[in-house]
Amino acid sequence: MNLVFLRHCAKLADVYEMLCQPSWLHRASIAALILAVALLAGCQQKPAGGVGTTMGPPARTIRTEPIVRIRVITGTSRIEVDGGSGLRIGPLGGAGRDFPSQVRIWKQADAWMISPSGGRGGQTVSWPLPALQIESASYASVRIDGIAYPKKIVLQTALQDTGTGRFDAINHTTLDDYLPGVLDKELFPKWNPTAYRAQAIAARSYALFSCAKNAARHYDLESTQASQAYAGSVSNVKALEAVSDTRGLVLTYDGLVLPAYYSSTTGGTGQDAAIAFADGADIPPLRGKVQGGWDAAATYYRWGPINRLRTETARRIAAWGAANGNAVASLRDLSAIEISRTNAIGRPAEFRLTDTSGRHYILKPEQFRFACNQDAPGTRSLSESEKLRSSHVQVRVVGSWVQFWDGHGYGHGVGMSQWGAQAMAEKGYTYQAILAFYYPGAKLERLY
């Protein structure tokens with residue numbers, strides 16, 4: 001099934017836009033057969049689910065560059081829009097109307113309110129639409145609250161909205177127009193172009209995985225580290241060239257797009273995706289391995305010690321549990337914390353917490369890291385230097401204190417180390433060799 005077939009099948013502009021989304025192009029064989037029947041019946045209903053959560057879509061189903069949807073503003077009540085010489089605003093996938101180059105947009109009941117801004121007079125337009133599409137009349141990007149984003153912005157009611165008028169701003173753009181804004185945020189400007197190329201392929205693969213996984217939502221990716229950090233439209237030459245030079249190149253495994261996780265630095269020992277993430281795939285390219293000292297130049301290659309009050313640490317962990325529906329929400333105090341399981345190379349895979357009544361709680365590594373860094377009532381917000389940088393750390397309870405020491409790396413530790421990729425690039429390794437080192441067994445394929 002390819003985009004040409006979908007284009008002939010679609011009868012309405014908004015349906016065509018949905019069909020161009022990666023979720024329509026990324027289906028397993030049986031799902032593709034079911035979808036084909038639905039398309040022949042009228043092409044009007046979007047399947048609710050993605051390909052699955054552990055791997056990306058089948059590589060053979062991707063033949064054209066897909067559209068990605070990045071949530072760039074979450075739950076806001078008002079935005080300022082700048083379209084250069086003018087704006088075209090209208091329903092999602094439909095024909096728009098011309099507006100002044102600068103407008104302010106907010107919601108009132110079920111209608112979008114659009115008013116000229118920047119000191120210009122003019123009438124406020126009230127437009128009752130489920131979603132609002134915004135494009136520049138003459139430029140390739142739209143500025144939202146001063147930040148330029150490629151292609152177009154779609155405004156949709158926030159998932160958590162309860163009638164307060166809050167909405168999300170989602171950047172709809174092509175995958176390779178999205179990626180330079182990721183590289184610009186994820187890597188340092190002076191880093192080697194080869195490291196940029198390796199990052200471009202990893203980020204492209206991860207984005208395709210996220211699009212399939214999140215097909216039922218009104219966005220595929222966040223613009224923060226919750227997905228991949230994203231700066232919008234950028235002029236970073238290294239980032240632009242890296243994306244162009246690797247166009248369509250994706251990491252795959254067993255015919256499926258690989259969720260090519262990466263982090264700042266692993267500290268020399270990688271983590272298993274199946275341990276770090278609830279939906280992590282247990283496959284060779286995503287299992288932890290000894291990576292040596294490639295990222296030894298990273299600021300957080302080694303870190304610690306950090307000392308926290310025991311009662312404060314318990315409050316933070318309990319607050320994380322309450323926010324995430326975990327049984328550790330009932331934790332009141334701590335008598336012990338220990339690493340109860342490790343992965344094959346000795347990186348922590350499980351933490352066992354014991355409270356003063358003798359009750360035990362088990363947390364996975366990333367759960368433990370986030371829980372220890374959680375804001376909680378009665379505690380101050382931690383500075384960046386006080387947070388646990390990773391879950392690869394030794395820990396014990398001593399008297400009134402929790403002691404963390406011998407910390408390794410920054411981030412979850414799965415897949416590629418960005419600092420390691422930079423060091424390998426400086427030593428003359430190609431981006432193909434870097435990716436083969438960090439994702440052993442994965443295949444590099446050009447899909448479009």
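Scroll up to find the structure this text is about.
Every residue gets a number counted from 1 within its own chain, in the order that chain's sequence is written. Side-chain atom pairs in this predicted model are given and counted only at pLDDT of 80 or more, local residue features only at pLDDT of at least 70, and totals for whole chains, interfaces and linings cover all residues. Computation of side-chain values: all heavy atoms of the structure, hydrogens and water removed.

## Quick notes on the nonpolar core
Formed by 81 residues in total, the largest nonpolar core has its most connected members in Ile 89, Ile 105, Leu 155, Tyr 178, Met 416 and Tyr 439. The element contributing the most residues to this core is helix α6 (residues 193-213), with 12 residues. In these notes, a set of buried Ala, Val, Leu, Ile, Met, Phe, Trp, Tyr and Cys residues joined through side-chain atoms within 4.5 Å is what counts as a nonpolar core. Type-normalised accessible area, obtained with a 1.4 Å probe on protein chains alone, sets the label of each residue: buried when under 20%, exposed when over 50%, and partly exposed for intermediate values. Ile 306, Ala 318, Trp 320 and Phe 368 belong to the second largest nonpolar core, which has 22 residues in total. Only runs of H or I of at least four residues qualify as helices and only runs of E of at least two qualify as strands under DSSP, and these elements are numbered from the N terminus.

## Thoughts on the sheet that holds strand β7 (residues 125-127)
By way of backbone hydrogen bonds, the strands of a sheet pair with one another, either parallel or antiparallel. Pairs of strands are assigned from DSSP output, requiring at least two bridges between the strands. With respect to topology, six strands assemble into an open sheet ordered β7-β6-β5-β2-β9-β10, the strand pairing being antiparallel. Lying at the two open borders of the sheet, with one neighbouring strand each, are β7 and β10 (147-150). Taking the axes of each pair of neighbouring strands and ignoring which way they run, one obtains an average angle of 30 degrees across the sheet. Sheet analysis places strand β9 (residues 141-144) next to β10, joined by four bridges and oriented antiparallel. Bridge pairing in β10 places Val 142 opposite Tyr 149. Here the axes come from fitting lines to C-alpha atoms, over the contacting stretch only for helices, and the angles between their N-to-C directions go from 0 to 180 degrees.

## Brief notes about the pairing of strand β20 (residues 348-354)
Counted residue by residue, β20 has five buried out of seven residues, so it is predominantly covered. Bridge analysis of strand β19 (residues 336-342) against β20 gives six bridges, and the strand direction is antiparallel. Along β20, the bridge assignment pairs Ile 339 with Phe 351. The hairpin turn running from β19 into β20, its antiparallel successor, is five residues long, and Gly 346 in that turn takes a positive phi close to 95 degrees. Looking at chain direction, β20 and strand β21 (residues 360-363) are connected through four bridges and run antiparallel. The residue bridging Leu 353 from the neighbouring strand is Tyr 361, located in β21. What sits between the antiparallel neighbours β20 and β21 is a turn of five residues, in which Gly 358 has the positive phi angle 95 degrees.

## Some thoughts on the sheet that holds strand β26 (residues 443-446)
Here we have three strands laid out as an open sheet, ordered β15-β14-β26, and antiparallel in their pairing. Since the sheet does not close on itself, it has two edges, and those belong to β15 (256-257) and β26, each with one partner. Pairing between strand β14 (residues 249-253) and β26: four bridges, direction antiparallel. The partner of Val 250 across the bridge, within β26, is Glu 445. This element, α6, spans β14, β15 and β26 of the sheet and lies at about 65 degrees to β14. The criterion used for residue contact is that any of the two residues' heavy atoms lie within 4.5 Å.

## Concerning the packing of helix α11 (residues 418-426) against helix α12 (residues 431-438)
It is the contact of α11 with α12, at a shortest axis distance of 10 Å, that shows an interaxial angle of 140 degrees. Judged by the inter-axis angle, α11 sits oblique to α12. α12 is crossed by α11, and the crossing has right-handed handedness. Across the interface between the two elements, Gly 420, Ala 421, Met 424 and Ala 425 from α11 touch Ala 433, Ile 434, Phe 437 and Tyr 438 from α12. Residues are grouped as follows: Ala, Val, Leu, Ile, Met, Phe, Trp, Tyr, Cys and Pro are nonpolar; Asp, Glu, Lys and Arg are charged; all remaining types, including Gly, are polar. Class assignment for the residues of the contact of α11 with α12 results in seven nonpolar, one polar and no charged. Any angle from 65 to 115 degrees is called roughly perpendicular, while one under 35 is roughly parallel, one over 145 is roughly antiparallel, and all others are oblique. The hand of a helix crossing depends on one turn: near helix anticlockwise from the far one by less than a right angle means left-handed, and clockwise means right-handed.

## Things to note about empty space enclosed by the protein
Residues are called lining when one of their atoms sits within 4 Å of a cavity or pocket point, these points coming from a 1 Å grid over the protein atoms alone, where a cavity is a set in which a 1.4 Å probe fits but cannot get out and a pocket is an open set with protein on both sides within 12 Å along at least five of seven lines. Grid points are joined across faces, edges and corners, and a volume is the space filled by probe spheres set on the points. Summed over all chains, the structure comprises one cavity of 30 Å³ or more. Reported here for the largest cavity is a volume of approximately 40 Å³. The wall of the largest cavity is formed by Gly 270, Gln 271, Pro 285, Leu 286, Arg 287, Gly 288, Lys 289, Gln 291, Gly 413, Val 414, Gly 415 and Tyr 438. Each residue belonging to the lining of the largest cavity can be placed in one class, and the counts come to four nonpolar, six polar and two charged.

## Focus: the pairing of strand β8 (residues 131-136)
Within β8, five of the six residues are buried, which leaves the element mostly enclosed by the surrounding structure. Where strand β3 (residues 87-90) and β8 come together, four bridges link them in antiparallel fashion. Residue Arg 88 lies in a different strand from β8, and its bridge partner there is Glu 135. With five bridges connecting them, β8 and strand β11 (residues 152-157) associate as antiparallel partners. Bridge pairing in β11 places Glu 135 opposite Lys 152.

## Looking at the packing of helix α5 (residues 175-186) against helix α7 (residues 237-245)
The description of two packed helices rests on the angle between their axes and on the distance between the axes. Orientation of α5 relative to α7, taken along the N-to-C sense of each, is 135 degrees, at an axis distance of 8 Å. By the angle class used here, α5 and α7 are oblique. Between α5 and α7 the crossing geometry is right-handed. Touching Asp 176, Leu 179, Pro 180, Leu 183 and Asp 184 of α5 are Ala 239, Leu 240, Ala 242 and Val 243, all from α7. Within the contact of α5 with α7, the residues separate by chemical class into seven nonpolar, no polar and two charged.

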